[in-house]
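A look at the structure
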Amino acid sequence: MTLIDSHCHLNYEGLVERQDEVLANARNRGVAGFLNISTRQSEWDQIIALAEREPDVWATVGVHPHEADAHPDLGAAALVEATDHSRVIAIGECGLDYFYDKSDRNAQRERFQAHIEAARQTELPLVVHTREAEEDTAEILSAAVREGAVTGVLHCFTGSAELARKGLDLGFYVSLSGIVTFKNAQDLQAIAKWLPADQMLVETDSPFLAPVPHRGQKCEPAFVADTAAFVADLRGDDPEQLGESTTANFFKLFSKAA
């Protein structure tokens with residue numbers, strides 16, 4: 001099965017110390033590409049540098065909603081400038097997180113809008129984080145799509161069926177992480193069964209959220225194979241076909257990588 005880990009943090013503690021081993025482990029399990037996600041501006045150079053060294057690793061530029069307060073002056077211009085690199089293929093991780101509220105909600109919304117404007121100007125997709133903020137996320141993305149030239153992915157999806165359908169209707173993709181394998185994830189598993197095959201991605205969000213059978217371990221990109229196998233079984237799909245379709249979806253959405 002050939003797969004892409006559409007969302008990982010290879011520069012985070014637990015992975016950065018053994019990047020070569022982590023990448024080799026994943027490649028040995030059929031992972032043919034990695035999207036390395038930034039969460040704060042100070043990471044951008046390091047994340048791009050890894051993508052320059054590794055031909056199957058791509059980079060994003062963005063600021064996580066937890067970091068919104070720490071980036072009060074971040075506007076679309078800085079994001080647009082940072083995308084002027086062949087290995088930067090998306091804007092994010094960005095969005096809203098009202099669960100932890102680590103940043104002021106108005107600041108989160110302002111930074112989210114800056115990412116949306118950068119995505120519009122560059123025609124690169126958004127990597128969207130949303131937690132306990134479904135109404136605002138749906139409203140903001142709906143307005144953005146109405147204005148045109150905005151698409152992306154709802155990453156590490158844990159939301160409601162209503163939010164999933166809204167995102168799909170807006171042309172966004174939905175990405176499943178190891179959470180879908182958890183025993184208490186029945187609602188998410190139900191959603192995974194009906195997600196359109198042509199709008200679905202898989203990811204690890206490593207080093208977080210290791211799937212069954214790796215619970216309690218530091219998550220790494222190799223484990224996307226376990227999540228994909230679980231989702232294929234859940235849907236009654238052929239695992240090879242699910243790998244092919246999610247890989248094709250990745251290159252369709254993140255067309256700069258192609």
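How each quantity is defined
- Residues numbered from 1 in each chain as written.
- Predicted model: local features only at pLDDT ≥ 70, side-chain atom pairs only at ≥ 80, totals over all residues.
- Heavy atoms only, no water.
- Core = buried A, V, L, I, M, F, W, Y, C linked by side-chain atoms within 4.5 Å.
- Buried < 20%, exposed > 50% of the residue type's maximum accessible area, 1.4 Å probe, protein only.
- Contact = heavy atoms within 4.5 Å.
- Pairing = 2+ DSSP bridges.
- Helix = DSSP H or I, 4+ residues; strand = E, 2+ residues; numbered from the N terminus.
- Axes fitted to C-alpha atoms, helices over the stretch in contact; angles between N-to-C directions.
- Salt bridge = Lys/Arg side-chain N within 4 Å of Asp/Glu carboxyl O.

**Some remarks on the nonpolar core**
Counting residues in hydrophobic clusters, the biggest one holds 71 residues, and the most contacted among them are Leu10 and Leu126. Apart from the residues within four sequence positions on either side, Leu10 is in contact with Leu15, Val16, Gln19, Val22, Leu23, Phe34, Asn36, Leu50, Val57 and Pro221. Among the nonpolar cores identified, the runner-up in size contains 14 residues, and Leu35, Ile37, Phe254 and Ala257 belong to it.

**A short note on the sheet that holds strand 2 (residues 31–36)**
Read from one edge of the open sheet, eight strands run 1-2-3-4-5-6-7-8, paired in parallel fashion. Looking at the sheet topology across the chains shown, the edges are occupied by strand 1 (3–8) and strand 8 (200–202). Within this sheet the neighbouring strands show an average axis-to-axis angle of 30°, counted without direction. Bridge count between strand 2 and strand 3 (residues 57–61): three bridges; the pairing is parallel. Bridging across to strand 3, Phe34 finds its partner in Val57. Against the sheet, helix 2 (residues 44–53) contacts strand 2, strand 3 and strand 4 (88–97), and its axis sits at roughly 160° relative to strand 3.

**Overview of the environment of Ala82**
Note on placement: Ala82 falls in helix 3 (residues 76–82). Taking the relative accessible area as the measure of exposure, Ala82 reaches 15% and is therefore buried. Between the alpha carbons of Ala82 and Leu168 there is a distance of 28 Å; along the sequence they are 86 residues apart. Contacts of Ala82, omitting those with residues within four sequence positions, involve Trp44, Ile48, Val61 and Val88.

**Observations regarding the environment of Ala118**
As for its position among the elements, Ala118 is in helix 4 (residues 105–122). We classify Ala118 as buried; its relative accessible area is 0%. Sequence separation of Ala118 and Glu244 is 126 residues, and the distance between their C-alpha atoms is 30 Å. If we skip the residues at most four places from it in the chain, Ala118 touches Ala76, Leu79, Val80 and Ile91.

**Here we look at the pattern of salt bridges**
The final tally for this structure, using the stated rule, is 13 salt bridges. Residue Glu117 is joined to Arg120 by a salt bridge in which the shortest nitrogen-to-oxygen separation is 3.3 Å. A residue pair is termed a helical-turn pair when its members lie 3 or 4 positions apart in one helix, as Glu117 and Arg120 do in helix 4 at three residues. In this structure, a network of salt bridges that share partners links the residues Arg18, Glu21 and Glu220.

**Describing the pairing of strand 3**
With five of its five residues buried, strand 3 lies for the most part within the structure. Here strand 3 shows a buried face lined by Val57, Ala59 and Val61 and a second buried face lined by Trp58 and Thr60. In the sheet, strand 3 pairs with strand 4 via three bridges, with the strands oriented parallel. Paired with Ala59 across the strands is Val88, a residue of strand 4.

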